[in-house]
Amino acid sequence: MKRIPLRAILPTGLAVALIVGPLGAPATAEATVPITLTGASATSPSADVNIAGRAVTITAPGTYEISGTLNDGYVNVDTAASGEVNLILNGATISNSTNAPLQVSDADEVVITLAAGTTSRLSDATNYVYPDPSTDEPDAALFSKSDLRINGSGALVVRGNAYDGIVSKDGLVIESGTITVNAVDDGIRGKDFLDINGGTIDVTAGGDGIKSTDSDVDRGRLTITNGSVRVNAGDDAIKGENTVTISGGTVTVTNSYEGIESRQITISGGTVDVTASDDAINAVEDGYGDFDVAPNAFIRFTGGTTLVNSSIDGIDSNGTVTFAGGTVVVSGPSTGSPGEGAIDSNGPVYFNGGTVLGAGSTSMAVLSLPPTTGQGWVAPQLSSGQPAGTLLHLVSGGQVLVSYRAPKNFREVVFSSNRIQHGQTYEVYLGGSLTGTTIGGMATTGGSIAGATRLMTVVAGEYRGGLVGWPPGGPGWPPGGPGWPPSPTTPPPNPTTPPPNPTTPPPGAGGCTATYSVVNEWQGGFQGEVRVSAGSSPISGWRVTWTFANGQTISQSWNATITASGSTVTATNVSFNGSLGAGASTTFGFLGNWNGSNAVPTLTCTAT
């Protein structure tokens, strides 16, 4: 470990007094050493700058101002002496056809200052040439083995033509400046940590956008406290091995596979806008399976504004999800399985505060219902998918609580705010009008139901979608415990289309009926549900049979024992739902496969 210089821990005058005796005249400020790049070489008056053709090596701590152009060369910081190296980039342009143009091989810490009113440029090799097969570094246009800090009000343009753009093998702090990175692989990488406290950062990367990679407990963090960050990534846009924390600034992910990923994600301030082709905000912990609840993984929203647009899960946690403050609007998957939704969590989802709206083919792909002890939530499930541009209103007592103009197709919505009370019934309208500003399509003012169609009512705290009670052996299994089956959504008053005829005739005394519905459907798969109702007399058991007309098959089921013989299906009650009082009902469900068509079959119910 290098010694800490005395001047780093004591005021300058006191350090001098301790070394040379009584204080004398103030010390002269250390001079800035110029390094002038001349195309094929460089010049400098300092003996601490070694120049060998196109290779420039800085060998001592100090402040160095670099200007001019160096073609097919490099500047390298390599000093074993204690102290900070400050590189002022004053309109410098450096390119290299075999290696990295700006390197730090050894130093206590390096500070890169972007001179005001200037733009510096770094461009590395398309194919790196290393001295031997065991060497694989440098691997970025700006590469440092030491702690690296970037500040100043100027601009820096970095092209990583083979691998990454900016890399620190220790910590990396960006305080200010306008930084543009275009990299074949990762854009900006700080191994121990990456802290962004200001500046304007624009990253385009074929791999990950910005990331911290150390897996040690106290490292692998990525924090954004201020500034503007814009990322277009082929893989993860923003990734911290252990934590991602956003407390301020403006963060925009224009394109990504997964937008923000870490074990623990906290958004407490700023404006975050994430677009992803897979999961937009994802908390994952190594070593746990698809349905396991990861004990240390979480996503927490305590402030700020977060907008999400995802093709798969909008917010996905292998652990928990907590909404405690701020505004969160999620446009989740337009189509997909019940396990893909605007909010997807293996562990509990807590609505404790803030304003939250999530929409998608499934609103909550959860294994257990969110608690009804916190802030109220309501989750209407529409009878069919709605196209982009549909205007939905949630209404209580004639007052519009929230309006949502959907940016893409959806079928379910979940909404939570301090205006929702558990157990209260709310009305859902489609149509009408909306004026004023929206956030991700949502507005809590300016909605009108004049001319709208009253579609349905829904009770806050009740939900019958997602994967509640799934899988067998998982949380909430077997169904039949508290909260299962979830209460059905209140039938729509004055439905816009006539209700379908029952699939079995009305039962006589002691008989039963069964109705079949497709809860969710996606390409090649679907979730079905059958409701069994007793007639005017109690029954002690039931059996439901039907024949699929289109070759559908069942892969998983719950709340019934299901057997199939060709296209004929037989479902019988299990131990806890066979006995039904007069007029009482129960449900069972299943996951199935289909190809081409998925027609609703005719059911026969027999009391046993």
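Small disclaimer: the values here were computed from a predicted structure and weren't measured.

Engineer: Give a description of the nonpolar core that names residues and reports values.
Structural biologist: Ranked by internal contacts, the top residues of the largest apolar core, which has 85 residues, are Leu-87, Ile-112, Ile-166, Ile-188, Ile-210 and Phe-323. In terms of residues, this core owes the most to one element, strand E33 (residues 320-331), which gives four residues. Contacts of Ile-112, omitting those with residues within four sequence positions, involve Leu-87, Leu-89, Leu-102, Leu-142, Leu-148, Arg-149, Ile-150 and Asn-151. Core analysis: the second largest hydrophobic core is formed by 24 residues, Val-402, Leu-430, Met-442 and Val-458 among them.

Engineer: Go over empty space enclosed by the protein, please, and point to the residues and values.
Structural biologist: Where empty space is left can be seen by rolling a probe of water-molecule size over the atoms. Per the counting criterion, the structure on display carries two cavities of 30 Å³ or more. Taken as a whole, the second largest cavity spans an internal volume of roughly 40 Å³. Those elements giving two or more residues to the lining of the second largest cavity turn out to be strand E39 (391-396) and strand E41 (410-416). Split into classes, the residues belonging to the lining of the second largest cavity amount to seven nonpolar, no polar and no charged.

Engineer: Talk me through the sheet that holds strand E49 (residues 542-547); I want residue IDs and the actual numbers.
Structural biologist: By definition, the strands of a sheet pair up through backbone hydrogen bonds, in either a parallel or an antiparallel sense. Spatial strand order, E51-E52-E49-E54: four strands in an open sheet with antiparallel pairing. Of all the strands in the sheet, just strand E51 (561-565) and strand E54 (603-607) have a single pairing partner and so form its edges. Strand-to-strand twist in this sheet, taken as the mean axis angle between neighbours without regard to direction, amounts to 15°. In this structure, E49 lies alongside E54, joined through five bridges in antiparallel fashion. In the strand pairing of E54, Val-544 is matched with Cys-605.

Engineer: Give me the lowdown on the pairing of strand E17 (residues 178-183), citing residues and values where you can.
Structural biologist: Residues in a regular strand point their side chains to alternate faces of the sheet. Of the two faces of E17, the one lined by Ile-179, Val-181 and Ala-183 is fully buried and the one lined by Thr-178, Thr-180 and Asn-182 carries no buried residue. Pairing geometry for strand E14 (residues 155-160) and E17, over six bridges, is parallel. Within the sheet, the bridge partner assigned to Val-158 lies in E17 and is Val-181. Where E17 and strand E20 (residues 200-205) come together, six bridges link them in parallel fashion. Of the residues in E20, the one forming a bridge with Thr-180 is Asp-202.

Engineer: Which residues make up the environment of Lys-191, and what values go with them?
Structural biologist: Among the structural elements, Lys-191 can be located in the loop between strand E18 (188-190) and strand E19 (193-196). Residues Lys-191 and Leu-222, spaced 31 residues apart in sequence, show a C-alpha to C-alpha distance of 9.8 Å. Dropping the residues within four chain positions of it, Lys-191 is found in contact with Ser-168, Lys-169, Asp-170, Ser-212, Thr-213, Asp-214 and Gly-220.

So, how was this worked out
Residues numbered from 1 in each chain as written. Predicted model: local features only at pLDDT ≥ 70, side-chain atom pairs only at ≥ 80, totals over all residues. Heavy atoms only, no water. Core = buried A, V, L, I, M, F, W, Y, C linked by side-chain atoms within 4.5 Å. Buried < 20%, exposed > 50% of the residue type's maximum accessible area, 1.4 Å probe, protein only. Helix = DSSP H or I, 4+ residues; strand = E, 2+ residues; numbered from the N terminus. Contact = heavy atoms within 4.5 Å. 1 Å grid on protein atoms, 1.4 Å probe; cavity = no way out; pocket = protein on both sides within 12 Å on 5 of 7 lines; lining within 4 Å. Points joined across faces, edges and corners; volume = space filled by probe spheres on them. Nonpolar A, V, L, I, M, F, W, Y, C, P; charged D, E, K, R; others polar. Pairing = 2+ DSSP bridges. Axes fitted to C-alpha atoms, helices over the stretch in contact; angles between N-to-C directions.

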